[in-house]
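Results of the structural survey
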Amino acid sequence: MKKIEAIIRHYKLEEVKNGLNEIGIQGMTVTEVRGFGRQRGHKEVYRGAEYTVDFLPKVKLELVVSEDDAGKAIEKITEVARTGNIGDGKIFVTDLSEVIRIRTGETGGEAL
Amino acid sequence: MRQREVTSLCLFDCAGSTPSGKSASVVAASRGTIALPTIFISYASMRTVSTTMSTETPAERIQRRKQALEKIRERAAKLFAEGAQGMQIASWLSDAMDTYTIDILKGTLEDFTETEQSELEQNSAMIAIGGSGRGEVAPYSDSDLIFIFQPRIADLISRLTKKIVPDFWDAGIKLGQRVHTVRDAATSAIADPHLASSLVYVRTLWGNDDLATQLKTQFYRKVVRARRRIFVEDCIEGRNEERSTHGANGQQLEPDVKKSLGSLRDVHLLQWIAFAHYQTSDIDSLRRRNVLTPDDASRLKRGVEFLTRVRIDLHLHAGKANDTLSKDEQLRIAEALEISHVEGQRPVERFMQEYFSHSMAIAEISQRFVSRHRGRTISSTLKRLVMSHRVNRYFALSEGELDVAPSHLPKICNTLEDILKIYHSAAMYQVSLSPRLIEAIKSTARNLPSGPSPETSRLFMEILGTVGLCSVTVRSMHDTNVLELVIPEWHRVRCLLQFNQYHHFTVDEHTLRCLEICEGFAEEDSPVGAAYRNTHSKQLLHLALILHDAGKGFEEDHSELGCRMALDICQRLKLNQHEIGIVCFLVHKHLKMADLGFRYDTTDPQVVLEFSHEVGSAEKLRMLYVLTAADVSGVGPGVWTAWKADLLADFYKRLMTTLSGLPPRFHEEERLREIREHVYDSIVPQEPESEEIANSLRQWVDKQLDGFSSQYLTMTPPPMIARDLDIIRSLEPGDIRVDGRYDQISGTTDYHVIADSQYSRGGFHRISGMLTARHMKILGAEITTSFDGVIVDTFHVIDEDFSGIVPQARIDEVADSIIQGLRQEVTAKELFQKYRRFATEASETPTMGLPTRVEVDTDTSDKSTIVLVFAHNRPGLLYTISRTLFKLDLSIDLARISTHFDQVVDVFYVTDNEGRKITSKEKCQSICDRMMEELEKFEQSTYREFVS
């Protein structure tokens, strides 16, 4: 199993969510986050006055999928969330050792 | 909830005597009128069993008792199912539990010798207090008991309680028990406010009744009468604490029937305080003593009945002490009550509306009662006497409260106008109303017809315009039902629940909270705070906030319906067309800004442009922004996050820059200081000839900077400002300086024009005419005027004759044309003819297709009128617009021209010839009409217009 964390532009959320649903991935957790990477709080030359926005609003998406689905999911997120500009975000993928559904106690793939 | 007649109570044996030892209580708990049914049968059978089966094992005994308890609850469930009233069931349960408790005690006593038994019975008493003492018990309530004993049987009583505590526990009674001597009980109650409040209700279950009487007397004397103010304050504080952990808001969507605001506990609070003052806590006695109005008393009793029945239902269904009315339970109860669906309202929403109407009534009556009976310290009474002064003939003002002598009440509170005058004074003096005044208003309001008159409308709008106490005043008007008299539509949203996961509050509560949050913005150092402070017509914003969800509870989209309702309401309130337009717009679009801000790419110029077009003025945008922030915050705690605040502030900044030509103002001071220092450094010589010269230079700089528009100051980098000022300082009469520069990155050429004040009239349209005639495509421009009337303009253009670098010679040539144009050595018309080309100027079809829109905005700026033009860009457009303004005899102080794709947004700050802001409605309309007319003509003929 893989855990996929994607930091994307907030307005891409609906599209990404729908895209993932289309390929059969349903559960996900969404968090409002703020941060910066290379886009580094776009230093905006705003009417001559330079000012820096330190942290930009983004959305973090977390989902856990089987090994098989991971590739598809990553591909989908990349495809939909891309605008080609700095600030499109990042995807982090980690190996996951266990998943347990609290209500039933099912584990592994069953619990997804 | 339907209240069915109880017909089935005769099934129970009502002939049984009440359990032994039950005495008249301090609380004559309102028990209804039916004869009290007892569990005579089971009680009798239990006794038989306990005597005949003395050989039963402890385990069997526990089993038998648990079954008996189960039976009591089954009977309660049966009564409930048969439709008995909540209070009847509670009272029946109280009796049943009394009997059950006494039986357990008697069982325990069997282990004592007969002498000991009679010693105990004569020298101690088992007394019900708190909920048990009140005689209001839910199926799984705890039993509140206290043992009182004479000091001389201390050993015996300690043996008894040691044995009886496990017996009670085994029998399934959760016991909050205490063992005290009379004196000791009073001392403990002083130290423990919780015990003190439960001792308000005392009822002997078993033993020597004299002890109970002593307890009552001692308690009243030592704990209450001797320290009445402290007792009252303790009760209030305890209640506040409890409420803060169980929902300080009565309209939270999963209320605790016992502990949330407006729950049963608020009735208890009223009773405790009543006891402190009148030595009774019975609602009917309080009514008879005129402490509660008949309306309040009957409202309270209805509320208690409703809540009690719901609470019993919750207990029975959960099979445990559950007082939380969760969403699942709301659905279940609404279904069980067979409430029907009405248009736009689900059964569960109707059920909760009824629930909240009861809890809100209880909360209001209780709070009013409490504040009226709150004792004052001697010093505050003195302060009150000293500080209070009369306001007009009747009112007395003191310590944040407006009051009136009782004898004056009939004179000052007879009509809606009277009432609004009272509220108006309260809002003006920033005080709240005394409980006495509120009671008078409430009882007058009940008999008044709804609908405002011109005078009441005026008063209401003025109340909405006060900042600081507007929300408090409106909430009080809501509490006294006066708000419905002014806005009858308010009745519909009262206690209206929105059954979903998102909303935390009912519509009315949400709305009142929004208003409070909005007023709170005034103190906030944030973009929203600045926007609120800069809003001119706060009364319109406040009115729109009150109305923004008024359309809820119907099938139709609430923004659409709300907008139509707002129109009616505004007309009734006699607002003018312009004001009506603003309020309706705000109600109609109250979701749109959040929707765009949180779900769309707000850095996309198209999104910004389209929405700016829809909003149409800076003042409206400002109000919509504040309303959106208040609306989102008012949904519930934690909903307005820094994340949302950032996104919305960024969107607002972009929209505001488009609509007013200026970025929103915050942190302006700091920026000004920065510019000032920079300009001083470059203009004042390092080593001035004399300090005097340096000072006069600094003064000159200050004067110039003060004279510039904030647009120029925020948009221009400080080194540029310094350079401009240097030029202005050396400008001779008749001078014109044009500086043209090609920017390789953007591919545009900037023409920066500084010209003596004699050219300022008509200067702008002449420059744009020259540039257009020379086939420059004007992308943007910033126009401003210095303190002495010097023109300081920048035009950003694309030279369409050059695809790459524009040679300096060409730039100079165009600069010369600008100079000639300003000097009127050549007219635009001549130049157009000279550089005329054939058939090259055909315009393309607009890609965005936004309709042309002209807005004349008098709200945003104090000094100028703003003319805002949205139009499809084509060569010559700016010239047409600026020439029209010139023909209209308007002078342009400031302008910002911007182009997004092929759409233009032009913002002009104009005044009349004498530099006065244009405010007359007719004049504004004629500007708007004339501009539309010229733009239509231009659309038809394009270039032919300029050469003919």
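These figures come from a predicted structure and were not determined experimentally.

1. A word on the overall build of chain A
In terms of regular secondary structure, chain A is built from 2 helices and 6 strands. Starting at the N terminus, the α and β elements of chain A follow one another as β-α-β-β-β-β-α-β. A burial count over chain A gives 35% of its 112 residues as buried. Contacts in chain A between residues far apart in sequence, at least 24 positions, make up 72% of those at least 6 positions apart. With the model as given, the accessible surface of chain A reaches about 6800 Å², and the carbon-plus-sulfur share is 48%.

2. Here we look at the overall build of chain B
Looking only at helices and strands, chain B features 42 helices and 16 strands. Looking at chain B as a whole, 57% of its 948 residues qualify as buried. Taking all contacts inside chain B whose residues are at least 6 apart in sequence as the whole, residues at least 24 apart take part in 72%. Carbon and sulfur atoms make up 50% of the accessible area of chain B, which amounts to about 40100 Å² in all.

3. A look at the sheet that holds strand β2 (residues 29-35) of chain A
All names here are of chain A. Strand order in the open sheet formed by 4 strands is β2-β5-β1-β6, and the pairing between neighbours is antiparallel. Pairing within the sheet leaves two strands with one partner each, and these edge strands are β2 and β6 (89-95). Pairwise comparison of adjacent strand axes, ignoring direction, gives a mean angle of 20° for this sheet. Taken together, the 7 bridges between strand β1 (residues 2-8) and strand β5 (residues 56-65) define a ladder with antiparallel strand orientation. Opposite I7, over in β5, you have K60 as the bridge partner.

4. Some thoughts on the sheet that holds strand β12 (residues 791-799) of chain B
All names here are of chain B. Taking strand neighbours across the sheet as the criterion, the 8 strands line up as β9-β10-β12-β11-β15-β16-β14-β13 in an open arrangement whose pairing is antiparallel. Either end of the sheet is taken by a strand with one partner, and the two such strands are β9 (736-743) and β13 (853-857). Here the average twist between neighbouring strands, direction ignored, is 15°. Set on the sheet, helix α36 (residues 718-730) makes contact with β9, β10 (748-755) and β12; between it and β10 the angle comes to about 35°.

5. Digging into the pattern of salt bridges
Pairs can form between side chains of opposite charge once their charged atoms are near each other. Going through the model one piece at a time under the given rule, you end up with 70 salt bridges over all chains. Put simply, A:K76 and A:E22 hold a salt bridge, and the shortest N to O gap is 3.8 Å. Placement of the pair is A:K76 in helix α2 (residues 67-81) and A:E22 in helix α1 (residues 13-22), with a sequence separation of 54 residues. A residue is classified by how much of its surface remains accessible, and A:K76, at 16% relative accessible area, is buried. We note a salt bridge from B:K301 to B:D284, for which the minimum N-O separation is 2.9 Å.

6. Structural notes on the nonpolar core
Residue and element names in this part refer to chain B. One finds F460, L543, V583 and M593 to be the most contacted residues of the largest nonpolar core, which totals 126 residues. The greatest single-element share of this core, amounting to 10 residues, is contributed by helix α31 (residues 618-633). Two domains each provide a minimum of three residues to this core, namely domain 3 (390-486) and domain 5 (731-947). Here V583 is in contact with L540, L543, A544, L547, A566, C570 and L575, once residues within four sequence places are set aside.

7. Here we look at α1(A)
Residues and elements named next belong to chain A. Of all the residues in α1, the buried ones are L13, V16, G19 and L20. Viewed end-on, α1 has its buried residues packed into an arc of 130°, placing them on one side of the element. Looking at the packing, one finds that the buried side of α1 touches β1, β2, β5 and α2. Once α1 finishes, G24 follows within two positions and takes phi at roughly 90°, a positive value.

8. Considerations on the packing of aromatic side chains
All names here are of chain B. Taken as a whole and judged by the stated rule, the model has 12 aromatic pairs over all chains. Residue placement shows R309 over the ring face of F80; its charged tip is 4.0 Å from the ring centre. Here the guanidinium or amino end of R698 rests over the ring plane of Y680, the centre of that ring lying 5.9 Å away.

9. Overview of empty space enclosed by the protein
A water-sized probe, rolled over the atoms, reveals where empty space remains. All names here are of chain B. Going through the model one piece at a time under the given rule, you end up with 4 cavities of 30 Å³ or more. Lining the largest cavity are 15 residues, with M97, T101, S132, V137 and S143 positioned closest to its centre. Among the secondary structure elements, those contributing two or more residues to the lining of the largest cavity are α3 (86-109) and β2 (143-149). The element contributing the most residues to the lining of the largest cavity is α3, with 4 residues. Counted by class, the lining of the largest cavity contains 7 nonpolar, 5 polar and 3 charged residues.

10. Side note on helix α6 (residues 154-170) of chain B
Residues and elements named next belong to chain B. With 17 residues, α6 should reach 24 Å at 1.5 Å per residue; the first-to-last C-alpha distance of 25 Å fits that figure. Of the residues making up α6, those classed as buried are L156, I157, L160, T161, I164, D167 and F168. Of the residues flanking the end of α6, it is G172, one or two places downstream, whose phi is positive at about 85°.

11. Concerning the packing of helix α37 (residues 763-773) of chain B against helix α40 (residues 877-887) of chain B
Residue and element names in this part refer to chain B. At their nearest, the axes of α37 and α40 sit 8 Å apart, and the two run at 155° to each other. Classified by the angle their axes make, α37 and α40 are roughly antiparallel. Of the two possible hands of crossing, α37 and α40 adopt the one that is left-handed. Across the interface between the two elements, F764, H765, R766, S768, G769 and T772 of α37 pack against L878, Y879, S882, R883 and F886 of α40.

12. Points about the pairing of strand β11 (residues 776-785) of chain B
Residues and elements named next belong to chain B. Taken together, the 9 bridges between β11 and β12 define a ladder with antiparallel strand orientation. Its bridge partner lying in β12, T784 is registered against V792. What sits between the antiparallel neighbours β11 and β12 is a turn of 5 residues, in which G789 has the positive phi angle 85°. Of the pairings in the sheet, the one linking β11 to strand β15 (residues 891-900) comprises 3 bridges and is antiparallel in character. Bridge pairing in β15 links A781 to I897.

13. Side note on a positive patch on the surface
Residues B:R183, B:R221, B:K222 and B:R225 make up a contiguous surface patch of positive charge. Position of B:K222 relative to the elements: it lies in helix α9 (residues 209-224).

14. So, the confidence of the model for chain A
Residues and elements named next belong to chain A. The share of residues in chain A with pLDDT of 70 or more is 84%, and the mean pLDDT across the chain is 84. Averaged over each element, pLDDT in chain A is lowest for strand β3 (residues 43-46) (41) and highest for β1 (95). For the stretch residues 41-52, pLDDT sits under 50, and the model shows 38 contacts to residues farther than four places along the chain or on other chains.

15. Observations concerning the side chain of B:S526
Looking at the element boundaries, B:S526 is found in the loop between α24 (507-520) and α25 (527-534). One polar contact links B:S526 to B:E524, side chain to side chain, over a distance of 3.0 Å.

16. Description of the confidence of the model for chain B
Residue and element names in this part refer to chain B. Averaged over chain B, the pLDDT score is 84; the fraction of residues at 70 or greater is 88%. The spread of mean pLDDT over the elements of chain B runs between helix α1 (residues 40-52), the lowest at 39, and helix α26 (residues 538-547), the highest at 96. Contacts for the low-pLDDT stretch residues 1-53, under 50 throughout, to residues beyond four places or in other chains number 94 contacts.

17. Side note on the environment of B:A722
Residues and elements named next belong to chain B. For A722, the location among the structural elements is in helix α36. C-alpha of A722 to C-alpha of R676: the two residues are 46 residues apart in sequence and 9.2 Å apart in space. Leaving out residues up to four positions away in the same chain, A722 has contacts with V679, S682 and I683.

18. Thoughts on the pairing of β15(B)
Residue and element names in this part refer to chain B. Most of β15 is tucked away, with 7 of its 10 residues classed as buried. In the sheet, β15 pairs with strand β16 (residues 903-911) via 9 bridges, with the strands oriented antiparallel. Its bridge partner being in β16, T899 is matched across the sheet by V904. Joining the antiparallel neighbours β15 and β16 is a turn of 2 residues, in which F901 adopts a positive phi near 50°.

19. Looking at the state of the cysteines
All names here are of chain B. In the structure shown here, the tally under the stated rule is 0 disulfides over all chains. Free cysteine C928: the closest other cysteine sulfur is in C924, separated by 9.0 Å. Residue classification places C928 among the buried residues on the basis of a relative accessible area of 15%.

Rules and cut-offs
- Residues numbered from 1 in each chain as written.
- Chains lettered and ligands numbered in written order.
- Predicted model: local features only at pLDDT ≥ 70, side-chain atom pairs only at ≥ 80, totals over all residues.
- Heavy atoms only, no water.
- Helix = DSSP H or I, 4+ residues; strand = E, 2+ residues; numbered from the N terminus.
- Buried < 20%, exposed > 50% of the residue type's maximum accessible area, 1.4 Å probe, protein only.
- Contact = heavy atoms within 4.5 Å.
- Areas by Shrake-Rupley, 256 points an atom, 1.4 Å probe, with all protein chains shown as cover.
- Pairing = 2+ DSSP bridges.
- Axes fitted to C-alpha atoms, helices over the stretch in contact; angles between N-to-C directions.
- Salt bridge = Lys/Arg side-chain N within 4 Å of Asp/Glu carboxyl O.
- Core = buried A, V, L, I, M, F, W, Y, C linked by side-chain atoms within 4.5 Å.
- Domains from an automatic or database assignment.
- Arc of directions from axis to C-beta.
- Phe/Tyr/Trp six-rings, centres within 6.5 Å; stacked < 30°, edge-to-face > 60°.
- Lys NZ or Arg CZ within 6 Å of the ring centre and 35° of its normal.
- 1 Å grid on protein atoms, 1.4 Å probe; cavity = no way out; pocket = protein on both sides within 12 Å on 5 of 7 lines; lining within 4 Å.
- Points joined across faces, edges and corners; volume = space filled by probe spheres on them.
- Nonpolar A, V, L, I, M, F, W, Y, C, P; charged D, E, K, R; others polar.
- Expected span 1.5 Å × (residues − 1).
- Parallel < 35°, antiparallel > 145°, perpendicular 65-115°, else oblique.
- Left-handed = near helix turned anticlockwise from the far one by under 90°.
- Patch = residues over 30% accessible without salt bridge, like charges linked within 9 Å, V, L, I, M, F, W, Y side chains within 5 Å.
- Lys, Arg positive; Asp, Glu negative; His and termini not counted.
- Charge placed at Lys NZ, Arg CZ, Asp CG, Glu CD.
- pLDDT = per-residue confidence, 0-100.
- Polar contact = N/O pair within 3.5 Å; in protein donor to acceptor, adjacent residues only side chain to side chain.
- Disulfide = S-S within 2.5 Å.

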